[in-house]
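# Secondary and tertiary structure notes
Here are the chains, one letter per residue:
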Amino acid sequence: MQALPIEHDISLQHFNTFGIGARARRYLRVIDPAQLAALAADPELAALPRLVLGGGSNLLITRAEIEQLVLHMALMGKEIVGETPDAVLVRARAGENWHGFVQWTLEQGLGGLENMSLIPGTVGASPIQNIGAYGAEVKDVFHSLTAFDFATGSTRTMDAAACRFAYRDSVFKHEDGRSLAVLDVTFALPKAWAPNLRYAELARELDGVTGPSPRQVAEAVIAIRRRKLPDPAEIGNAGSFFKNPVVPGEHCARLLEQWPNLVHHLQADGSEKLAAGWLIDQCGWKGRSLGRAGVYPKQALVLVNNGGASGEEVLALARAIQADVQERFGVLLEPEPVMI
Ligand code: EPU
């Protein structure tokens, strides 16, 4: 194997959807898993802290210079790999654009991913935070993935249990998953497809369409997202900036006495998931700015870079919002993106 083509002092501005202009001291574009094996086998390189980067759509960089070795996953390829009695198995490598992959499955006549159309990012990043939208989550159609483990220098196959999926969470966001880099993901798409219209807004969008096809559901999702969410190509953002907080039932009941319009969803264990966007909106933050960072006027859950904002500015805005929501509702909002 040739020496690894590690580059130096690379701008990451176009590699994170917030458009933060940080620079990487060392950067490797990973186009072949063998590069990771070579890296792990080199004592000097293997000792460096790493930052595995996908589409950079769930990331807030708060430093001007990134000390870690940035591994930009650019492994490409997608194919139908087999079937089970109930499902068709499709696999994509980590660097594939998520939305492009979803549209490709629809072109193959396969439904199952349509509710997650237009989510920014890559296939490799999709299991990291168990992406989801409009009543669907990656874990619902996940079959398995291959990951490279820097701790052992080898690849391993992981099923859903090994990934420990939860709401916007997985093993990859925790200490015991930090040595892993996702190489490819396999999805099991149902042969007997039925539309998932549990999310009221999506059902409304398809009102009047009888027996919608996967493609029609995808188009409805795309239409809703275009109306509500900023396109990262135009306005820097990382989708929802905060997770929807889950609070004990009693806490929610107390809040409802004072705010009867509070948006809440009962969970299986009796706790309540609150709409963070509603909480932020009530605090008057929607459409407001702090420095060059702002709250998107059409959706309070999305923080945006109004042009040239640093990661620290976005963080300062996030902290101000957290403080207000905490003071008013006694709820701590947890950021969704990974902070670097
Ligand atoms: N709301 C407001 N004001 C706002 C925003 C929302 O009052 O400014 C209220 C809405 O009226 C609604 C409730 O809050 O009653 C929930 O809002 P919405 O339906 O827009 O969904 P969300 O909770 O804001 C979640 C996901 C999104 C996903 C949508 C659709 C999280 C953190 N976010 O948003 O995911 O697209 O549902 O399923 O779970 C992402 O993770 O980046 C993301 C965009």
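Just so we're clear, the structure is a prediction, and the values are computed from it rather than from any experiment.

### Side note on helix α1 (residues 33-41)
Of the positions making up α1, those classed as buried are Gln35, Leu36 and Leu39. One side of α1 holds all its buried residues, which, seen down the axis, span an arc of 100°. Elements that come into contact with the buried residues of α1 comprise β2 (23-30), α2 (43-46), β5 (65-73), β10 (142-149) and β12 (180-190). Sitting at the amino-terminal end of α1 is Asp32, which places a side-chain oxygen 2.9 Å from the backbone nitrogen of Ala34.

### As for the domain arrangement of the protein chain
Once the domains are mapped, the protein chain shows domain 1 (7-73), domain 2 (78-227) and domain 3 (231-339). Summarising the inter-unit geometry, the C-alpha centres of domain 2 and domain 3 are found 25 Å apart. In this complex, domain 2 contributes 6 residues to the contact, which on the side of domain 3 involves 7 residues. Carbon and sulfur atoms supply 45% of the area that domain 2 and domain 3 bury against each other, a total of about 600 Å² over both sides. Broken down residue by residue, the surface that domain 2 buries against domain 3 is led by Tyr167, Arg168 and Lys173, which jointly contribute 65%. Scanning the region where domain 2 abuts domain 3 turns up 1 salt bridge. Here Glu336 and Arg168 are joined by a salt bridge, their closest N and O atoms 3.2 Å apart. There are 3 residue pairs in polar contact (both at pLDDT 80 or more) connecting domain 2 and domain 3. Here the side of domain 2 that touches domain 3 is composed, by residue class, of 2 nonpolar, 1 polar and 3 charged.

### Section: the pattern of salt bridges
Tallied over the entire structure, the rule returns 15 salt bridges. Among the salt bridges present, the one from Asp149 reaches Arg156, with a minimum N-O distance of 3.8 Å. In this structure, Arg292 and Glu313 form a salt bridge, with 2.7 Å as the shortest nitrogen-oxygen distance. Of the two residues, Arg292 sits in the loop between β17 (289-290) and β18 (293-295) while Glu313 sits in helix α10 (residues 311-329), which places them 21 residues apart along the sequence.

### A closer look at the site of the ligand
Around the ligand lies a shell of 23 residues, among which Tyr134, Tyr167, Tyr199, Lys228 and Gln299 are the nearest. Here Arg168 contributes a side-chain N or O atom positioned 2.9 Å from an oxygen atom of the ligand. Asp281 places a polar side-chain atom, nitrogen or oxygen, 2.7 Å from a nitrogen atom of the ligand. Those elements that place two or more of their residues in the shell around the ligand are β8 (132-133), α7 (214-228), β13 (236-240) and α9 (276-282). Looking at the shell around the ligand element by element, the count peaks at 3 residues for α9. Each residue belonging to the shell around the ligand can be placed in one class, and the counts come to 10 nonpolar, 6 polar and 7 charged.

### Quick notes on the sheet that holds strand β3 (residues 50-53)
Reading across the sheet, the 4 strands line up as β1-β2-β5-β3 and stay open at both edges, with mixed pairing between neighbours. For this open sheet the edge positions go to β1 (7-11) and β3, each flanked by a neighbour on one side alone. Going from strand to strand, the sheet's axes swing by 45° on average, the running direction of each strand aside. As paired elements, β3 and β5 share 4 bridges and run parallel to each other. Across the sheet, the residue bridging to Leu51 is Val70, located in β5.

### A closer look at the sheet that holds β17
Taken in spatial order, the 4 strands of this open sheet run β13-β19-β18-β17, and their pairing is antiparallel. Looking at strand neighbours, the two that pair on one side only are β13 and β17, the edges of this open sheet. The sheet contact formed by β13 and strand β19 (residues 302-305) spans 3 bridges and is antiparallel. Bridge pairing links Asn237 to Val304 in β19. Strands β17, β18 and β19 of the sheet are contacted by α10, whose axis makes an angle of about 40° with β18.

### Points about helix α3 (residues 98-107)
Most of α3 is tucked away: 8 of the 10 residues are buried. Buried residues of α3: Trp98, His99, Phe101, Val102, Gln103, Trp104, Thr105 and Leu106, and no others. Contacts from the buried residues of α3 go to β6 (78-83), β7 (87-93), α4 (138-141), β12 and α7. The residue sitting at the N-terminus of α3 and contributing the capping side-chain oxygen is Asn97; that oxygen lies 3.1 Å from the backbone nitrogen of His99. The positive-phi residue at the C-terminal boundary of α3 is Gly109, with phi of around 85°.

Conventions used here
- Residues numbered from 1 in each chain as written.
- Predicted model: local features only at pLDDT ≥ 70, side-chain atom pairs only at ≥ 80, totals over all residues.
- Heavy atoms only, no water.
- Buried < 20%, exposed > 50% of the residue type's maximum accessible area, 1.4 Å probe, protein only.
- Helix = DSSP H or I, 4+ residues; strand = E, 2+ residues; numbered from the N terminus.
- Arc of directions from axis to C-beta.
- Contact = heavy atoms within 4.5 Å.
- Polar contact = N/O pair within 3.5 Å; in protein donor to acceptor, adjacent residues only side chain to side chain.
- Domains from an automatic or database assignment.
- Buried area = accessible area lost by both parts, 1.4 Å probe.
- Salt bridge = Lys/Arg side-chain N within 4 Å of Asp/Glu carboxyl O.
- Nonpolar A, V, L, I, M, F, W, Y, C, P; charged D, E, K, R; others polar.
- Near = heavy atom within 4 Å.
- Pairing = 2+ DSSP bridges.
- Axes fitted to C-alpha atoms, helices over the stretch in contact; angles between N-to-C directions.

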